[in-house]
Amino acid sequence: MGTTVTSELDEIVRVVAEHPGLLAKTEIGLVGEVFGDTDWTSGPGDDGAVVRTSTGSVVACGEALWPPFVAHDPRGAGFAAVLTNVNDVVAMGAEPLGIVNTVAASEDTARAALEGMRHASRLFRVPIVGGHLTRHDGEPSISAFGLGEVGEPLSMTRVEVGQSLVVAAATDGAMRPDFPFFPAFEQRGERCADDARLLPALARSGAAVAAKDISMAGLVGSLAMLLEWGTFGVEIDLDVLPAPRGVDTAAWLTCFPSFGFLLCVPPGREDDALAPFHARGLEAAVVGRVDDTGRIDLRRGEAVATAYDLTRRAVTRLPRTGR
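Residues numbered from 1 in each chain as written. Predicted model: local features only at pLDDT ≥ 70, side-chain atom pairs only at ≥ 80, totals over all residues. Heavy atoms only, no water.

Caption draft 1: Structural context of the side chain of Asn85. Relative to the helices and strands, Asn85 is located in helix H5 (residues 74-91). Looking at Asn85, the relative accessible area reads 0%, which means it is buried. Separated by 2.8 Å, the side chain of Asn85 and the backbone oxygen of Ala81 make a polar contact. (Helix = DSSP H or I, 4+ residues; strand = E, 2+ residues; numbered from the N terminus. Buried < 20%, exposed > 50% of the residue type's maximum accessible area, 1.4 Å probe, protein only. Polar contact = N/O pair within 3.5 Å; in protein donor to acceptor, adjacent residues only side chain to side chain.)

Caption draft 2: Representation of the packing of H5 against helix H6 (residues 107-124) in the model. It is the contact of H5 with H6, at a shortest axis distance of 6 Å, that shows an interaxial angle of 40°. As the angle between them shows, H5 and H6 are arranged oblique. Seen along the crossing, H5 lies across H6 with a hand that is right-handed. Along the contact surface, H5 presents Pro74, Arg75, Gly78, Phe79, Ala81, Val82, Leu83 and Val86, while H6 presents Thr109, Ala112, Ala113, Glu115, Gly116, Met117, His119, Ala120, Ser121, Leu123 and Phe124. Here the contact of H5 with H6 is composed, by residue class, of 12 nonpolar, 5 polar and 2 charged. (Axes fitted to C-alpha atoms, helices over the stretch in contact; angles between N-to-C directions. Parallel < 35°, antiparallel > 145°, perpendicular 65-115°, else oblique. Left-handed = near helix turned anticlockwise from the far one by under 90°. Contact = heavy atoms within 4.5 Å. Nonpolar A, V, L, I, M, F, W, Y, C, P; charged D, E, K, R; others polar.)

Caption draft 3: Structural detail: the packing of aromatic side chains. Taken as a whole, this structure holds 9 aromatic pairs when the rule is applied. Look at Phe181 and Phe185: their rings are 6.3 Å apart centre to centre, the planes differ by 40°, and that puts the pair in the tilted class. For Phe181, a relative accessible area of 9% corresponds to the buried category. For the pair Phe259 and Phe277, a centre-to-centre distance of 6.4 Å together with 65° between the ring planes defines the contact as edge-to-face. A residue pair is termed long-range when its members are at least 10 positions apart, and Phe259 in the loop between strand S10 (256-257) and strand S11 (260-265) and Phe277 in helix H12 (residues 270-279) qualify at 18 residues. The same class applies to Phe259 as to Phe277, namely buried. (Phe/Tyr/Trp six-rings, centres within 6.5 Å; stacked < 30°, edge-to-face > 60°.)

Caption draft 4: The pattern of salt bridges, seen in detail. Per the stated rule, a full pass over the model turns up 18 salt bridges. A salt bridge links Asp73 to Arg176, with the nearest nitrogen and oxygen atoms 2.9 Å apart. One end of the pair, Asp73, is in the loop between helix H4 (67-72) and H5; the other, Arg176, is in the loop between strand S6 (164-169) and strand S7 (181-182), with 103 residues separating them in the sequence. We note a salt bridge from Arg111 to Glu107, for which the minimum N-O separation is 3.5 Å. Placement of the pair is Arg111 and Glu107 together in helix H6, with a separation of 4 residues, close to one helical turn. What makes Glu107 partly exposed here is its relative accessible area of 40%. Through salt bridges with shared partners, one network takes in Glu8, Asp239 and Arg300. (Salt bridge = Lys/Arg side-chain N within 4 Å of Asp/Glu carboxyl O.)

Caption draft 5: View of the pairing of S6. Taking burial as the measure, the 6 residues of S6 include 6 buried ones, the bulk of the element. Residue alternation in S6 divides its side chains into two sets, Ser164, Val166 and Ala168 and Leu165, Val167 and Ala169, and both sets are buried. As paired strands, S6 and S11 are joined by 6 bridges and run antiparallel to one another. Bridging across to S11, Leu165 finds its partner in Cys264. (Pairing = 2+ DSSP bridges.)

Caption draft 6: Representation of the sheet that holds strand S2 (residues 57-64) within the structure. As summarised here, the arrangement of the 5 strands in space is S1-S2-S5-S3-S4, forming an open sheet in which the pairing is mixed. Edge positions in the sheet fall to strand S1 (49-52) and strand S4 (128-135), since each has one partner strand and no second. Strand-to-strand, the axes of this sheet are offset by a mean angle of 20°, without reference to chain direction. As judged from the 9 bridges shared by strand S3 (residues 95-105) and strand S5 (residues 141-150), these two strands associate in the antiparallel manner. When the bridges of S5 are listed, Val103 appears paired with Ile142. Set on the sheet, H6 makes contact with S3, S4 and S5; between it and S3 the angle comes to about 170°.

Printed below as a string of structure tokens:
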């Protein structure tokens, strides 16, 4: 039994290490090479940049959709353009205010993309407030940009040793067969808008101090990005990790769930962080505790394997002079 579990962990680690969504994050280092130092809060660094205004603060973020995905499923890409920005905004503890988009595509592709955006806009109660449309018969492209209002942001710069790591996810649904995406919004329906707004509420209560949405980098890759600023580590207990039934663990760890978040919770506030998710029928659990090893280890039973070592390999390669 022990050999079987160890072999399973070794295979999971291999899949995680080779995950294209994780490997692609190193390309972000180019931003640091050009723009130089960053404080990881006002940007670049976290899911969104916190911008101070004369009356408070807003979070600004943006996403460019993968062109082959846009060409294959423009409606799905339009939906994803809104979804990813909503997730980034709320992961910073901000209330979503609006989405701006840019579309360069043929008329039919653009129409399908805009229909997808409209559907997501209604589902998440976030207006599409403007953008730019270019009729273009070559390779299509979609980008979108989100804006949110924030008080005390959920910032990776607030991660500290001893905090509990909570994973929260919507696990009803099925993995797309053609793309590593788990679309739980089809089952959540109109609940999606208030699901997303749990993150700003936790920020206001202090039950969470840092967060990141689980994106195309997968759970391990997104966690590595969350911990990268301080070269922190954590051991994830796969036996308590929220996960959908019937989905292979390696596939779950390397997919983009439509609702999946990592939260750093101060000691003693774990119940306060978990209860709001459970009250809405979402899964959430404490899966580990932040340490100073720089390693992301995976545990199943008594077997442990290292999935990522931040002391040996950075994720985004952004400069860390702000630490």
